[in-house]
Amino acid sequence: MAAEIHSRSPRGPVLLTKIPGHREHVTSACFIPREDGVITASEDRTIRVWLKRDSGQYWPSIYHTMSSPCSALTYHHESRKVFIGQDSGAIVEFSISDDFNKMNFVKTYPAHQNRVTEVIFSPDPEWVISTGHDKFLTWMCTLSGSLVGRHAFSSWASSLQYDEETRYAFVGDFAGQITLLKLEKEGCSVISTLKGHEGSISCLYWDPVQRYLFSGSSDHSIILWDIGGRQGRTLILQGHHDKVQGVCYLQLTRQLVSCSVDGGICVWNMDIEREEAPQWLESDSCQKCAQPFFWNIKQMWDTRTLGLRQHHCRKCGQAVCGKCSSKRSSYPIMGFEFQVRVCDSCYESIKDEDRTSLATFHEGKHNICFMTMDISRGLMVTCGTDRLVKIWDMTPTVGCSLATGFSPR
């Protein structure tokens, strides 16, 4: 059957269920593939496996208390292995039974000296890869439990993605940088450093098909990095009012789903030719009216004028004064879903149809601190500061059919 992509629907996500019960902040959650189940990790020191009962409600089939608050979680369905990162810096491995009613301790990895921020299991080399507040990326052998390698950063590592084929690790840090490393048994090599965010990196998503890396930040923006095309930064997407806490790219429909602390859920249309935001230009005077900026002492003295404050047009990147950039406009083709500063000439060049939104915005109704998706089923799970876990059906929003890879619920 030929693949069919339905037109984008403005309908919002459908809330399927709320899972209460945690006494503290839920730091991470993941779906159990091909099962009606969710695994959660919380700062109340519990790991819980929630299975859907005949009543339609989710109840914990496993309730395990850890020695330290749980800060990260990853689950590998084929091996039934689950790895839990803790505030203490340790990572604990468990094996879950086939019926998801029992969890057995396997081993503890002394990976970090401080809070673990992300954990990933790579089955081919048998590595557990992690980042932490101790400013280290570590990868340890799950067979021997020994350290394979470690790399230090100048700021604490806040997010992690990993490419199985190339063994590239993408590490976002609190300083706003993303470091691309090649992991080896003997160590690692730094491939490149990506700079573009003005705030800390809060989440990353790697698409190995398109070879795109998406980064969300506390500066409220998302950046698409074209790693495969080696073009560096490609797009900046600005559609959230607060810290971006989760991103997920739907490769089949070319849509990006993102969530933020303010509860906003945004679905971006990436199936169009977008314009890359320009680099900001530097100048000692306004590039429109030639009036000096306040640091240009010589021109102020020569012209007997007061210096002006420098701004930048978001569309052309030119350095302009406030008088020459008095207009505001959205420009979705460049990722600006909100009104931003543009110079007067660029404002005149923007047509009404250019302001048509290329994203849909929805309300999650809780302050989202974590998000992940089961793309094959069109499901999304969000964790909020209200200690609730919410499961959403995203298929009405992303407009997908069975032929594109989504299965009906």
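Counting restarts for each chain: residues are numbered from 1 in the order of the written sequence. Reporting of local features is limited, given that this is a predicted model, to residues whose pLDDT is at least 70; pairs of side-chain atoms are given and counted only at 80 or more, and all residues count toward the totals for whole chains, interfaces and linings. For the side-chain quantities, the full set of heavy atoms in the structure was used; hydrogens and water were omitted.

**Section: the environment of Lys 102**
For step 1, the next point in the chain: A run of DSSP states H or I qualifies as a helix once it reaches four residues; a run of E qualifies as a strand once it reaches two. Both are numbered from the N-terminal end. Relative to the assigned elements, Lys 102 resides in the loop between strand 8 (91–96) and strand 9 (103–109).
For step 2, the next point in the chain: Lys 102 sits 40 residues away from Ile 62 along the chain, and the two C-alpha atoms are 6.3 Å apart.

**Brief notes about unusual backbone geometry**
For step 1, the next point in the chain: With a phi angle near 75°, Arg 45 is a residue other than glycine that sits in the positive phi range.
For step 2, the next point in the chain: Among the structural elements, Arg 45 can be located in the loop between strand 3 (37–42) and strand 4 (46–52).
For step 3, the next point in the chain: Phi at Phe 100 takes a positive value of approximately 60°, unusual for a residue other than glycine.
For step 4, the next point in the chain: The buried label applies to any residue whose accessible area, calculated with a 1.4 Å probe on protein chains only, is under 20% of its type's maximum; exposed applies above 50%, and partly exposed to all values in between. Taking the relative accessible area as the measure of exposure, Phe 100 reaches 3% and is therefore buried.

**A few points about the pairing of strand 30 (residues 368–374)**
Side-chain direction in a regular strand flips from residue to residue, so the side chains alternate between the two faces of the sheet.
For step 1, the next point in the chain: Counted residue by residue, strand 30 has six buried out of seven residues, so it is predominantly covered.
For step 2, the next point in the chain: Direction of pairing for strand 30 relative to strand 31 (residues 379–384): antiparallel, over a ladder of six bridges. Looking across to strand 31, one finds that Met 373 is bridged to Met 380.
For step 3, the next point in the chain: Paired strands, as defined in this entry, are two strands with at least two bridges between them according to DSSP. With antiparallel pairing between neighbouring strands as the criterion, strand 30 and strand 31 make up a hairpin whose turn holds four residues, including Gly 378 at a positive phi of roughly 70°.

**A look at the UniProt feature "domain: FYVE-type" (unreviewed entry) in the protein**
For step 1, the next point in the chain: UniProt positions are given in the numbering used here, feature names are shortened, and annotations may be inferred rather than shown by experiment. UniProt's entry tags residues 280–351 with the feature "domain: FYVE-type" (unreviewed entry), counted in the numbering of this structure.
For step 2, the next point in the chain: Taken end to end, residues 280–351 has its terminal C-alpha atoms 23 Å apart, with 18% of it in helix and 22% in strand.

**Let's talk about the UniProt feature "repeat: WD" (unreviewed entry) in the protein**
For step 1, the next point in the chain: Per the UniProt record, "repeat: WD" (unreviewed entry) is found at residues 19–50, 194–227 and 237–271.
For step 2, the next point in the chain: The span residues 194–227 shows a helical share of 0% and a strand share of 62%, and its end C-alpha atoms are spaced 10 Å apart.

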